[in-house]
Structure formats: C-alpha cells, structure tokens
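Here are the chains, one letter per residue:
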Amino acid sequence: MALDHRIQLGQYGAPLHRIAHVSDTHFLGGRRPLYGAVDTDGHLARALEQLERSGRRPEAIVITGDLADLGEPEAYERLRSQLEPVADRMGSRIIWVMGNHDEREPYSSILFGEEPSADPQDRVYDLDGLRIISLDSTVPGYHHGEVTDQQLDWLQEVLAFPAAHGTLLALHHPPLPSPVETMAILELQEQERLAEVLEGSDVRAILAGHLHYATHGTFAGIPVSVAAATCYTIDTSGPPDALLGVDGGQSITLVDVYPHAVVHSVVPVTSAPQVTGFDGAVLERLAAMTPHERREAFSHKASTFTLLDVEGGSRES
Ligand SMILES: [Fe+2]
Ligand SMILES: [Fe+2]
C-alpha cells in the first residue's frame, strides 16, 4: 500500500510502508528532569512536532524501549498521554518495546491494559503485509540483554511463515558492537543464538535502541539500525574509557520500506535556524517539467532555477 501522495521524480515510487522509529524516552514520574537536567517530555514533544509537521503519516511509531527511566507508573501514563494524540492525528499505531529501564508489570498493565505480568513482553503486529515483531530483550533486575530459549523457540515459530512484505524485528539491545567500551557490559548476550534463528528468515531489518546514539551495522547479514535517544545522547567522540552523556544530538529515525530496500533516515531533533531550502511550490514547478527540463533546471551547475526561491540566493545542494 502506497502511503504518500508523492510526485515521483526519480526511479523509486512511494515506499510500501513508512515507520517512525523513536527510542529511549526515559520519562521519570512527576516530570522530574532526568539527571536533574534533561527535559525528557519537552524533547519528545519537539521530536513528535517535527514528525507531525513532516506530513508523512507513518503507519506506526515503533518505540524501542527505555520508555520510563525507573519503571514508574505515572511515567508510562504520561508517555501514553503525550504520544497517543499525535499518533491518532497521524493515523499511526504505537508499537511499544521493552527496555532495560522498563518494568514488565507497569509496561503490560498501563500500556496494554492487561493484568500486570512478569513474563517477557513479546508481540507481533501486521501492518498490511509488513510484520513487526516486538521482542523483549530485558533481564529483570539487570541492564544487559538476553533472549531466552523459550523466546527463541517462539520467534522461530513466528518466522516459520514469511510475511507478504517481510519482517522488521524491534528489540531494545542491538546485536552490534559499540565504540563506547562500557556499553559492552550491557550488550545482548549470546548473540549467536539469535543469529541462528534469524538466518534464512524474512527479517529485513532490525530496529534497536539502548545505545543513545544513532548507529548502523549488520547482524546475520541483516541491517541493524539503532535510533538515538530522545532524552539525552552519548557523545561517541568521548575518550574510549569514558561515557559522556550530553543534552544534545537527540534524533529519531524514519524507516521507509520499499519492495527491495529498507531505508533509515535520521531526523535530528533541533530548533536550529533554517539557512537554505525552498517550499512545495518549487517541487510542483519541477514536477510540471519534462525529465530533461528538470535535470537542466535542478542538476545543472549553472542553473539559476532556485535562486528566485531562496533567501540570499544560495543554491540548494
Ligand atoms: Fe536508554
Ligand atoms: Fe537501555
């Protein structure tokens, strides 16, 4: 199903599915600032505002864990009440994923309206042919990650039948190494067991969080995309033996699923001033041209096409 009414100017049509990938909101009860300094609610609000203004209407917002910093019920309630109206307006469903800072009992009862449960919180969603699996990689009482034998058996059964448009696996702990050495202590354990289950399956991408910086890699031949946190981020330019958490650099990720590709685009959460660009009127003029005219107008280095539209006359890249 094509989601966007979009003018096709290149070789790709509209994506079959568009997902917003958000991670690590770390809300505290009573809207207490995280580490006494971070406005977790304000940063998420800014991220959602940018997502909504993009007009892209994602089918789902996947939020890959560490929803509440201390598992406090009021933090989950506040997160729901902040996220749900935005999701409703965009027509998106919310796909929650457990993180090591979360607690299964309030997670299951407050976010799903179920009896409080201490069991792994694994769920499967079907978005018009795209399957999303929310896999609970948490270990009660600890911050490192683990997927139990029972969960792996369950995952294997789910993946035994491919989905029409393939599967995205969402879990908190990414099966990737990190340049931030201390994060290795908190990584997903025994990753080779998960790799065995995923090999040969229809999993097209793995969405994760936990690291608090955006990163990408591959696992068992499958692309892995880690969304940075919306609360605070880890500065990967810190000394290798240090852990530098900073109130800046937050981002979310747009995931576009095409028939033969899954594309992850990082969206910085920022109020930085715009210095160049143009609006939709320019796109409409380009769309009205022939492909040759369009190339001459927008690709030719000597073209002055956008000069009329850009304050100060600087050429869009
Ligand atoms: Fe986190
Ligand atoms: Fe985490």
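Here the structure is a predicted model, which is why all the values come from computation and not from measurement. (Residues numbered from 1 in each chain as written. Chains lettered and ligands numbered in written order. Predicted model: local features only at pLDDT ≥ 70, side-chain atom pairs only at ≥ 80, totals over all residues.)

**A closer look at unusual backbone geometry**
- One non-glycine residue, R57, lies in positive phi territory at about 45 degrees.
- Tracing the backbone shows R57 in the loop between α1 (40–53) and β2 (60–64).
- Judged by C-beta crowding, with 15 C-beta atoms within 10 Å, R57 ranks as partly exposed.
- Its identity as a non-glycine residue notwithstanding, A220 has a phi of 50 degrees, on the positive side.
- Relative to the elements of secondary structure, A220 occurs in the loop between β8 (215–219) and β9 (222–226). (Helix = DSSP H or I, 4+ residues; strand = E, 2+ residues; numbered from the N terminus. Buried ≥ 20, exposed ≤ 12 C-beta atoms within 10 Å, placed from the backbone.)

**Things to note about the environment of F27**
- Among the structural elements, F27 can be located in the loop between β1 (17–22) and α1.
- Exposure remark for F27: the 27 C-beta atoms within 10 Å place this residue in the buried category.
- Along the chain, F27 and H173 lie 146 residues apart, while their C-alpha atoms are 19 Å from each other.
- Those residues in contact with F27 that lie beyond four places of it in its chain are T40, D41, L67, A68, D69, A75, R78 and L79. (Contact = placed C-beta atoms within 7 Å.)

**Comments concerning the domain arrangement of the chain**
- Taken as a whole, the chain is organised into domain 1 (17–268) and domain 2 (280–313).
- Summarising the inter-unit geometry, the C-alpha centres of domain 1 and domain 2 are found 39 Å apart. (Domains from an automatic or database assignment.)

**Structural notes on the sheet that holds β8**
- Reading across the sheet, the six strands line up as β4-β5-β6-β7-β9-β8 and stay open at both edges, with mixed pairing between neighbours. Unpaired on one side and paired on the other, β4 (123–127) and β8 mark the two borders of the sheet. Neighbour to neighbour, the strand axes of the sheet diverge by 20 degrees on average, direction disregarded.
- For strand β5 (residues 130–135) and strand β6 (residues 167–171), the ladder comprises five bridges, and the chain directions are parallel. Bridging from a neighbouring strand, I133 pairs with L169 of β6.
- Together, β4, β5, β6 and β7 (203–208) form the strand contacts of helix α4 (residues 149–159), whose direction differs from that of β5 by roughly 175 degrees. (Pairing = 2+ DSSP bridges. Axes fitted to C-alpha atoms, helices over the stretch in contact; angles between N-to-C directions.)

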